[in-house]
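Observations on the model geometry
Letter by letter, the chains look like this.
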Amino acid sequence: MAFPSSYSPYSTPYTDTYNLHDSFYHGDYNDAPSLPVAELRGHDGPIHVVRFTADGKYCITGGNDRTVRLWNPTRIDPAYRPPRTTSTGNSAVSSQDYYRRQHQTKSLHDEPSKLPQHLPSALPMQTYTEGHMHPIHSITVNSTSNVLLSSSDKTLVATDLVTAQVKQKWWGHGGRIECVSCLGGSSSGTSGSGGGGGGSTSEEVYATSSYDATVRLWDSRSRSKDPLMILEEAKDAVTCVASGGEGDAQIVTSSVDGKIRTYDLRTAQLLTEDIRHPITSFSLGHDNTTIASSCLDGSIRLWDRSSQNNASRTKIFQRMRNVHKGGNYKLDCAFTSNDKYIFSGSECGAVVVYMVSSSNDGDGKARGTKLERHTGPTCSVATCPQSQRPWLALSASYDGSAVVWASQEEAEHCLEG
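Residues numbered from 1 in each chain as written. Predicted model: local features only at pLDDT ≥ 70, side-chain atom pairs only at ≥ 80, totals over all residues. Heavy atoms only, no water.

**Side note on the sheet that holds strand β28 (residues 402–406)**
In spatial order, the strands read β1-β28-β27-β26; together these four strands make up an open sheet with antiparallel pairing. The strands lining the two open edges of the sheet, one partner per strand, are β1 (35–39) and β26 (380–383). The average angle at which neighbouring strand axes cross in this sheet is 25°, direction not considered. Bridge analysis of β1 against β28 gives four bridges, and the strand direction is antiparallel. Considered in β28, the bridge of E39 is made with V403. (Pairing = 2+ DSSP bridges. Helix = DSSP H or I, 4+ residues; strand = E, 2+ residues; numbered from the N terminus. Axes fitted to C-alpha atoms, helices over the stretch in contact; angles between N-to-C directions.)

**A word on the environment of K169**
Inspection of the secondary structure puts K169 in strand β9 (residues 166–171). With 54 residues separating them along the chain, K169 and R223 place their C-alpha atoms 9.8 Å apart. Non-local contacts of K169, meaning those with residues more than four positions away in its chain, are made with G131, T155, L156, V157 and K225. (Contact = heavy atoms within 4.5 Å.)

**Digging into the pairing of strand β27 (residues 393–396)**
What you see with β27 is no split at all: A393 and S395 on one side and L394 and A396 on the other are buried throughout. Taken together, the four bridges between β26 and β27 define a ladder with antiparallel strand orientation. By the bridge assignment, S380 is partnered in β27 with A396. Inspection of the sheet shows β27 paired to β28 by four bridges, in the antiparallel sense. When the sheet's bridge partners are listed, A396 is paired in β28 with A402. Adjacent in sequence and paired antiparallel, β27 and β28 are bridged by five residues, among which G400 carries a positive phi angle near 95°. (Buried < 20%, exposed > 50% of the residue type's maximum accessible area, 1.4 Å probe, protein only.)

**Remarks on the pairing of strand β18 (residues 279–284)**
For β18, a buried count of six out of six residues is recorded, marking the element as mostly surrounded by other parts of the structure. Between β18 and strand β19 (residues 290–295), which pair antiparallel and follow one another directly, the connecting turn spans five residues, one of which, N288, has a positive phi of 65°.

**Points about the confidence of the model for the chain**
Confidence in the prediction for the chain averages 80 pLDDT; 74% of positions are at 70 or higher. Taking the mean pLDDT of every element in the chain, the minimum, 40, falls on helix α1 (residues 20–25) and the maximum, 97, on strand β3 (residues 59–63). Note on residues 86–91: pLDDT is under 50 here. Beyond four places in sequence and across chains, it has ten contacts. This model gives residues 103–110 a pLDDT under 50, and the stretch forms 15 contacts once residues within four places in sequence are excluded. (pLDDT = per-residue confidence, 0-100.)

If you want it as structure tokens, here you go:
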């Protein structure tokens, strides 16, 4: 594998700075997640993954401390007290009052150095430790937000999201699980949580992808520990797996062998798209017609997947590579819910927001804005799936911090006291 399997010390910060102030001042990114509004505090050590729940109301994080934590990202923790070293000089001030003072003393168009140096804490709701013997590298929640799926090395763990009790475990992979996904669960057939008509599994099937170059499907209704199916077409580690937007009928995977594979389980067909560069993750647009792949050459490539013609689908219509830094780590990328922006991690510790273009110039440079907050590699990002909240996003870093981001238009109103 080209990217490291565990946290590496981050010794030399990458200091190249994009002109964040000019982009904000001219209003280019007013509706994009671009301002830090809160932090998710509680993990001990690097945070490997952050995700929203399917309804977009809550979020979950998984860390090197072998815990998964549930948060309300838009509600301030009333028990948290800012440290004495903040500008308030008073450790007794409430987090709500501190947050209000931060916004009263700054402008949304301030330089990054003038933005708040200390953020309020988002509300922690639950901690899940049972069943995790290794650091957590992948997590997700089913469409009804009652089952948490997490990977602990080669083991898949299903936990009741409310009671925090382990429901079931599955194992069998020969390498660490890189991604977990729920298949089915909705009659409308939306990406990642859709379900077909007759014969729907109602999200009782889970998928895992692994370093062992396989994808395995698991039946949560069965007591058997054997997988329903093993997909073995990849020639290297399978880095990501998701529903293809056609309910239970399609599964999309990405691999370090440079290929994205779409399995149609209804017709028993396989569509392979060769990107020619190792792929660390991908994101499907919410209209299921566009796919973005984050590659180890430091580029994010977009193409239209609506055509059933393989040659047309492989044609890249936009390449994002001029702002974020990649090459050694597995980096997430994610569409905002309006498909207007791509939210990406970066090895330099920044979070980058790219504007999606309708241009078909695959060699053109995409417009992007670098957001400075983390000090270590920012490898995991997530955007809110709610169509009415494209302005909300999350990022998690190996420096142990996780940040809630909001747009300039919503930053002053998005947190509840």
